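What follows is each chain in one-letter form.
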Amino acid sequence: MEILFKNVDYIYQPNSPFQFKALTDVNLKIESGSFTAIIGKTGSGKSTLIRHLNGLLKPSSGEVKIGNLTITSSIKESQLSDLRRKVGMLFQFPEQQLFADTVEHDIEFGPINFGTTKEKAKKIARESLKKVGLNDEFLNRSPLELSGGQMRRVALAGVLAVKPDILVLDEPTAGLDFIGKKEIMKLIKKLQLEEHTTIILVSHSMEDVADYAEEVILLSKGKVIKQASPNKIFSNKEITSALGIETPQTTVLAEFLLERGVDFKGSLPINEKSFNNFLKKIFEEKKKTRIL
């Protein structure tokens, strides 16, 4: 489902001494089946923005269109139930929200809540657990007995159990070790590629953004500063430096080599794959020079 924000403002506690405008005139488009990252410093409006995607928040003004549904300030809660099945949200440290006595019961909760029979929910729980790389032996275990990475997978399985068209992830790798982060991000990318799920990632890890996102939305003080490919975002030093956005480590390393006399023309690498191509071109140029 395509997502459109049109002139969206959001104000917390309006008409009170604590009134705060968190989003200002937000206009953006997210294509169906795409992988989009939302970045920006703490307080830039990222969490407020994504809470509009399933109606947890409604625009103070403007509109959010998701598929055929248009969300405005006047939309009724009864109109949002179908949307909340289609838009799955995984918040930061989702394992803290695991509550059932077994993994199976935790994953079943969403489908049953949306009207699925117990028998069908059990089947869905097994399928969802398989999608996140865990086998049936985990079904009868307590979520509290699992490792951090396994708990994160179970939480994701619970979201996938309602078969969302859009998956929104708020810092999904926070608190995980290097291997755990890689496994979770590869799993999320696999969902996009194989099931055509629209992925929306909020992250402070520019490495994750550079490795997996196709489009980046840069926020600052509640406004969309730029929406473009990762290459275009990270190559714009004027914007990233001004807004305190970190540069991917591969780009930092490439800049280090250029400062020390390495001759290279073209876009700087932003991830491991493009860095390998960067090194390959450098060595090819050196080889040509030696032959001449």
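- You'll find the protein entered in an unreviewed UniProt entry as Energy-coupling factor transporter ATP-binding protein EcfA2, with Oenococcus oeni given as the organism.
- Database annotation for the protein, UniProt heading Subunit (unreviewed entry): "Forms a stable energy-coupling factor (ECF) transporter complex composed of 2 membrane-embedded substrate-binding proteins (S component), 2 ATP-binding proteins (A component) and 2 transmembrane proteins (T component)."
- On record in UniProt, under Sequence similarities (unreviewed entry), the comment for the protein is "Belongs to the ABC transporter superfamily. Energy-coupling factor EcfA family."

Remarks on the sheet that holds strand β3 (residues 35–39)
Then step 1. In space, the six strands of this open sheet follow the order β6-β7-β8-β3-β9-β10, with mixed pairing throughout. Strand pairing shows two members of the sheet lacking a second neighbour, β6 (87–90) and β10 (223–228), which therefore form its edges. Here the strands of the sheet are splayed against their neighbours by 15° on average, with no regard to which way each runs.
Then step 2. Bridge analysis of β3 against strand β9 (residues 215–220) gives four bridges, and the strand direction is parallel.

Brief notes about the environment of Val252
Then step 1. For Val252, the location among the structural elements is in helix α10 (residues 249–259).
Then step 2. For Val252 and Gly62, which are 190 residues apart along the polypeptide, the C-alpha to C-alpha distance reads 40 Å.

Digging into the packing of aromatic side chains
Then step 1. All chains considered together, the criterion is met by four aromatic pairs.
Then step 2. Relative to Phe109, the ring of Phe99 has its centre 5.2 Å away and its plane inclined at 85°; by these criteria the two rings are edge-to-face. With Phe99 in the loop between β6 and α3 (103–113) and Phe109 in helix α3, this pair connects stretches of sequence that are 10 residues apart.
Then step 3. Each residue in the set Phe264, Phe275 and Phe278 is aromatic and connected to the rest through ring pairs, giving one cluster.

Examining the pattern of salt bridges
Side chains bearing opposite charge may pair, as long as their charged atoms lie close to each other.
Then step 1. Here the structure, examined in full by the defined rule, presents 18 salt bridges.
Then step 2. The closest approach of N and O atoms between Glu95 and Arg152, which form a salt bridge, is 2.7 Å. A residue pair is termed long-range when its members are at least 10 positions apart, and Glu95 in the loop between β6 and α3 and Arg152 in helix α5 (residues 148–160) qualify at 57 residues.
Then step 3. The exposure class assigned to Glu95 is buried, which follows from its relative accessible area of 14%.

Quick look at the domain arrangement of the protein
Then step 1. What the domain assignment lists for the protein is domain 1 (3–247) and domain 2 (248–291).
Then step 2. The C-alpha-based centres of domain 1 and domain 2 are spaced at 34 Å.
Then step 3. Residue-level contacts link 10 residues of domain 1 with nine residues of domain 2.
Then step 4. Both faces considered, domain 1 and domain 2 share a buried interface measuring about 720 Å² in area, 58% of it formed by carbon and sulfur atoms.
Then step 5. Broken down residue by residue, the surface that domain 1 buries against domain 2 is led by Ala210, Asn231 and Thr247, which jointly contribute 52%.
Then step 6. Viewed at the interface, domain 2 and domain 1 are joined by one salt bridge.
Then step 7. The salt bridge partner of Lys237 is Glu255, with a shortest N-O separation of 2.8 Å.
Then step 8. The interface formed by domain 1 and domain 2 contains four residue pairs in polar contact (both at pLDDT 80 or more).
Then step 9. Elements with a minimum of two residues in the side of domain 1 that touches domain 2: α7 (206–212) and α8 (230–235).
Then step 10. A total of four residues in the side of domain 1 that touches domain 2 trace back to one element, the largest contributor, which is α7.
Then step 11. Within the side of domain 1 that touches domain 2, the residues separate by chemical class into four nonpolar, two polar and four charged.

Structural notes on unusual backbone geometry
Then step 1. Of note, Asn7 is a non-glycine position whose phi angle comes to about 50°, a positive value.
Then step 2. Positioned with a positive phi, Glu171 is a non-glycine residue whose angle comes to about 50°.
Then step 3. By the secondary structure assignment, Glu171 is in the loop between β7 (166–170) and α6 (178–195).

Observations regarding the packing of helix α4 (residues 118–131) against α5
Then step 1. Taken N-terminus to C-terminus, the directions of α4 and α5 make an angle of 130°; their axes are 8 Å apart at the nearest point. Here α5 runs oblique to α4, going by the angle between their axes. Handedness of the crossing formed by α4 with α5: right-handed. Listed contacts from α5 to Ser128, Leu129 and Lys131 of α4 are Val154, Ala157 and Leu160.

As for the sheet that holds strand β4 (residues 61–66)
Then step 1. Read across the sheet, four strands follow the order β2-β1-β4-β5 without closing on themselves; strand pairing throughout is antiparallel. One side of each edge strand has no neighbouring strand; the edge strands of this open sheet are β2 (20–30) and β5 (69–71). Strand-to-strand twist of the sheet, defined as the mean angle between neighbouring strand axes without regard to direction, takes the value 25°.
Then step 2. The pairing of strand β1 (residues 3–12) with β2 spans seven bridges and is classified as antiparallel. When the sheet's bridge partners are listed, Ile3 is paired in β2 with Ile30.

Reading the values: the criteria
- Residues numbered from 1 in each chain as written.
- Predicted model: local features only at pLDDT ≥ 70, side-chain atom pairs only at ≥ 80, totals over all residues.
- Heavy atoms only, no water.
- UniProt positions renumbered as here; feature names shortened; annotations may be inferred.
- Pairing = 2+ DSSP bridges.
- Helix = DSSP H or I, 4+ residues; strand = E, 2+ residues; numbered from the N terminus.
- Axes fitted to C-alpha atoms, helices over the stretch in contact; angles between N-to-C directions.
- Phe/Tyr/Trp six-rings, centres within 6.5 Å; stacked < 30°, edge-to-face > 60°.
- Salt bridge = Lys/Arg side-chain N within 4 Å of Asp/Glu carboxyl O.
- Buried < 20%, exposed > 50% of the residue type's maximum accessible area, 1.4 Å probe, protein only.
- Domains from an automatic or database assignment.
- Contact = heavy atoms within 4.5 Å.
- Buried area = accessible area lost by both parts, 1.4 Å probe.
- Polar contact = N/O pair within 3.5 Å; in protein donor to acceptor, adjacent residues only side chain to side chain.
- Nonpolar A, V, L, I, M, F, W, Y, C, P; charged D, E, K, R; others polar.
- Parallel < 35°, antiparallel > 145°, perpendicular 65-115°, else oblique.
- Left-handed = near helix turned anticlockwise from the far one by under 90°.

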